[in-house]
Amino acid sequence: MTIRLPGADGALRTYEPRTEPLAVPPGTPFTSRTVFSAAHVVADPFADVSPDSPAAVDWDATLAFRRHLWSHGLGVAEAMDTAQRGMGLDWAGAAELIRRSAAEATSVGGRIACGVGTDQIASGSLAEVRAAYEEQLALVEESGAQAILMASRALAAAASSPEDYLEVYGHLLRQAAEPVVLHWLGPMFDPALEGYWGSADLDAATDTFLEVIAAHPDKVDGIKVSLLDARREVDIRRRLPKGVRCYTGDDFNYPELIAGDEQNFSHALLGIFDPLGPLAAQAVRALDTGDVQGFRDLLDPTVGLSRHLFQTPTRFYKTGVVFLAWLAGHQSHFTMVGGLQSARSLPHFATAYELADGLGLFPDPKLAEERMKTLLSVYGVNQ
């Protein structure tokens with residue numbers, strides 16, 4: 001078993017794939033950490049749509065992938081940016097995804113939290129932004145899922161001061177039926193969110209973010225910080241009110257943040273746990289027994305793959321996530337809503353394949369090799 005892969009310099013190199021996967025059996029939920037995987041959606045490859053059309057989703061394959069995550073004890077963070085919210089999946093598609101996934105979670109006993117945003121409007125006044133949030137919050141609560149209040153492009157455009165954020169989020173938290181997760185998504189994931197919380201100065205933005213939480217600690221289950229800045233996340237989690245969790249969203253530094261330090265630790269809500277699901281579950285179970293070194297030994301080697309998938313432009317990491325799901329046999333094709341499969345280069349895919357194979361992420365290494373060769377042939381690389 002060998003395969004010729006292109007490098008960044010355009011030259012082909014020979015790679016010998018591993019023959020045995022890293023076998024990880026299903027398991028029960030964890031005891032030491034709360035862990036969510038933000039899950040991708042599977043497109044319908046036979047739908048006659050354009051990148052500007054509403055998303056055509058293969059619901060059976062999409063829900064099957066969520067059952068795969070639940071079977072390993074992971075929670076599912078649904079309808080988040082990993083599911084291409086605002087990058088191919090509109091609010092109508094997200095609403096259907098939330099309804100179906102929440103019902104599936106109930107039927108199998110899986111944990112689920114769902115994204116609440118404002119993507120049914122492109123822009124609007126603060127009152128219109130509040131109304132959009134309220135509509136989505138009502139749907140998520142009706143579905144029986146936990147709510148994740150996501151950052152809003154419309155709010156970023158409409159707000160003129162930190163006080164506007166305090167007012168909008170305060171209004172939403174007061175009416176939330178159950179404690180929610182607040183999600184701070186940095187501009188590396190979505191450039192339209194530059195200056196969120198009323199300032200491009202991250203220290204000032206952090207103060208506003210924490211002020212929102214301090215005013216409503218009983219309505220905030222936790223926060224998800226996606227800034228790719230480990231030191232800032234540690235600082236924020238140390239300043240949280242007692243009982244409010246920090247869910248790391250740092251796909252560059254997650255092992256050290258989940259492991260924690262002498263003061264506290266982060267839980268997890270990560271897009272990289274979509275392709276890493278079984279391996280991540282095995283690592284967290286080591287933490288459940290108090291084996292921090294065993295946890296790090298399993299998870300530290302995955303950081304190279306994660307940093308590769310989330311490299312600049314970071315928002316296109318979803319392409320690598322879906323690519324690996326195809327190679328792993330979780331779906332029959334490499335097609336994405338919005339045509340996003342075109343967002344990364346062939347050398348990028350080749351490196352992702354090699355790194356994932358080295359970690360043993362493919363249940364059937366031969367299938368992954370054959371599919372990689374199929375993709376290479378489309379690009380004119382003959383084996």
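Look up: the structure comes first, before these words.
What counts, and at which threshold
Residues numbered from 1 in each chain as written. Predicted model: local features only at pLDDT ≥ 70, side-chain atom pairs only at ≥ 80, totals over all residues. Heavy atoms only, no water. Axes fitted to C-alpha atoms, helices over the stretch in contact; angles between N-to-C directions. Helix = DSSP H or I, 4+ residues; strand = E, 2+ residues; numbered from the N terminus. Parallel < 35°, antiparallel > 145°, perpendicular 65-115°, else oblique. Left-handed = near helix turned anticlockwise from the far one by under 90°. Contact = heavy atoms within 4.5 Å. Nonpolar A, V, L, I, M, F, W, Y, C, P; charged D, E, K, R; others polar. Pairing = 2+ DSSP bridges. Expected span 1.5 Å × (residues − 1). Buried < 20%, exposed > 50% of the residue type's maximum accessible area, 1.4 Å probe, protein only. Arc of directions from axis to C-beta. Phe/Tyr/Trp six-rings, centres within 6.5 Å; stacked < 30°, edge-to-face > 60°. Right-handed = clockwise from strand over helix to strand, strands pointing away. Core = buried A, V, L, I, M, F, W, Y, C linked by side-chain atoms within 4.5 Å. Lys, Arg positive; Asp, Glu negative; His and termini not counted. Salt bridge = Lys/Arg side-chain N within 4 Å of Asp/Glu carboxyl O. Polar contact = N/O pair within 3.5 Å; in protein donor to acceptor, adjacent residues only side chain to side chain.

Asks: Where do I start with the packing of helix 9 (residues 277–288) against helix 10 (residues 292–299) in this structure?
Replies: Helix-helix packing is described using two parameters, namely the angle between the two axes and the distance between the axes. Running from N to C, helix 9 and helix 10 point in directions that differ by 165°, and their axes come no closer than 7 Å. In terms of orientation, helix 9 and helix 10 fall into the roughly antiparallel class. Considering only the axes of helix 9 and helix 10, their crossing is left-handed. Two secondary-structure elements touch here, helix 9 through Leu279, Ala280, Gln282, Ala283, Val284, Ala286 and Leu287 and helix 10 through Val292, Gly294, Phe295, Leu298 and Leu299. Looking at the contact of helix 9 with helix 10, its residues break down into ten nonpolar, two polar and no charged.

Asks: It is not clear to me how the sheet that holds strand 6 (residues 146–149) should be interpreted in this structure. Could you clarify?
Replies: Taken together, the eight strands give a closed barrel; going around it, the order is 3-4-5-6-7-8-9-10, and neighbouring strands pair in parallel fashion. Each neighbouring strand pair of the sheet contributes to a mean axis angle of 25°, computed without reference to strand direction. Sheet strands touched by helix 1 (residues 59–71): strand 3 (35–38), strand 4 (75–78) and strand 5 (112–116). Its angle to strand 4, the strand with the most contacts, is close to 140°. Of the strands in this sheet, strand 5 and strand 6 are in contact with helix 3 (residues 126–143), which crosses strand 5 at around 165°.

Asks: Even after reading the chapter, I still don't get helix 14 (residues 365–378), so can you show me in this structure?
Replies: Because each turn of an α-helix spans 3.6 residues, side chains separated by three or four positions in sequence point in the same direction. Helix length check: helix 14 (14 residues) gives 20 Å between terminal C-alpha atoms against 20 Å at 1.5 Å per residue, within 8%. If you check which residues of helix 14 are buried, you get Pro365, Ala368, Glu369, Arg371, Met372, Leu375 and Leu376. For helix 14, the arc enclosing every buried residue in end-on projection is 165°, short of the 170-degree limit, so these residues lie on one face. Backbone geometry just after helix 14 places glycine 380 at a positive phi near 90°.

Asks: What am I meant to see in the pairing of strand 2 (residues 12–15) here?
Replies: Inspection of the sheet shows strand 1 (residues 3–6) paired to strand 2 by four bridges, in the antiparallel sense. Its bridge partner lying in strand 2, proline 6 is registered against leucine 12. Hairpin remark: strand 1 followed by strand 2, antiparallel, with five residues in the connecting loop; positive phi at glycine 10, about 90°.

Asks: Looking at this structure, how should I read the packing of aromatic side chains?
Replies: One pass over the structure, following the stated rule, counts 20 aromatic pairs. Between phenylalanine 189 and phenylalanine 310, the aromatic rings sit 6.2 Å apart at their centres with planes inclined by 70°, giving edge-to-face as the arrangement. Of this pair, phenylalanine 189 sits in the loop between strand 7 (180–185) and helix 6 (202–215) while phenylalanine 310 sits in the loop between helix 11 (303–309) and helix 12 (317–327), placing them 121 residues apart in sequence. With respect to burial, phenylalanine 189 and phenylalanine 310 carry one shared label: buried.

Asks: Looking at this model, I keep getting lost on the environment of glutamate 20. Mind explaining?
Replies: Inspection of the secondary structure assignment puts glutamate 20 in the loop between strand 2 and strand 3. Here the alpha-carbon distance between glutamate 20 and aspartate 357, two residues 337 residues apart in the chain, equals 9.6 Å.

Asks: How should the packing of helix 12 against helix 13 (residues 346–359) be read in this particular structure?
Replies: Two elements in contact, helix 12 and helix 13, have axes whose closest approach is 11 Å; the angle formed by their N-to-C orientations is 55°. Accordingly, the angle class assigned to the pair helix 12 and helix 13 is oblique. Once helix 12 is placed against helix 13, the crossing between them reads as right-handed. Together, Thr319, Phe323, Leu324 and Leu327 of helix 12 and Phe349, Ala352, Tyr353 and Ala356 of helix 13 make up the contact between the two elements. For the contact of helix 12 with helix 13, the residue count by class is seven nonpolar, one polar and no charged.

Asks: Looking at this structure, I do not really get the pairing of strand 10 (residues 267–270). What am I missing?
Replies: Successive residues of a regular strand alternate their side chains across the two faces of the sheet. Here strand 10 shows two buried faces, one formed by His267 and Leu269 and the other by Ala268 and Leu270. Here strand 3 pairs with strand 10 via three bridges, running parallel. Counterpart to serine 37 in the pairing with strand 10 is leucine 270. Relative to strand 10, strand 9 (residues 245–248) runs parallel, the two sharing two bridges. Bridging across to strand 10, tyrosine 247 finds its partner in histidine 267. Traced from strand 9 through helix 8 (residues 254–259) to strand 10, the parallel crossover comes out right-handed.

Asks: How do you make sense of the nonpolar core when you look at a structure like this?
Replies: A general feature of soluble globular proteins is that nonpolar side chains tend to end up buried together. In terms of nonpolar packing, the biggest core is built from 118 residues, with Leu182, Tyr196, Phe273, Phe323 and Met372 touching the most fellow members. Counting ten residues, the second largest nonpolar core, distinct from the first, contains Ala77, Ala113, Ile148 and Tyr247.

Asks: Hey, could you run me through unusual backbone geometry in this one?
Replies: Residues other than glycine predominantly adopt negative phi, and peptide bonds predominantly adopt the trans conformation. Backbone torsion omega between threonine 312 and proline 313 reads -5°, so that peptide bond is classified as cis. Turning to its location among the elements, proline 313 is positioned in the loop between helix 11 and helix 12. Phi is positive for alanine 79, which is not a glycine, with a value near 60°. Mapped onto the secondary structure, alanine 79 falls in the loop between strand 4 and helix 2 (91–108). The exposure class of alanine 79 is buried, given its relative accessible area of 0%. Look at tryptophan 197: it is not a glycine, yet its phi comes out positive at around 70°. Along the chain, tryptophan 197 turns up in the loop between strand 7 and helix 6. Since its relative accessible area comes to 0%, tryptophan 197 is described here as buried.

Asks: What should I look at first to understand the side chain of arginine 33 in this one?
Replies: Examined against the element boundaries, arginine 33 turns out to sit in the loop between strand 2 and strand 3. Aspartate 288 provides the closest opposite charge to the buried, salt-bridge-free arginine 33, at an N-O distance of 6.4 Å. From its side chain, arginine 33 meets the backbone oxygen of alanine 259 in a polar contact 3.3 Å long. Filtering out sequence-adjacent residues up to four positions away, arginine 33 remains in contact with Ile258, Ala259, Phe265, Ser266, His267, Val284, Leu287 and Asp288.

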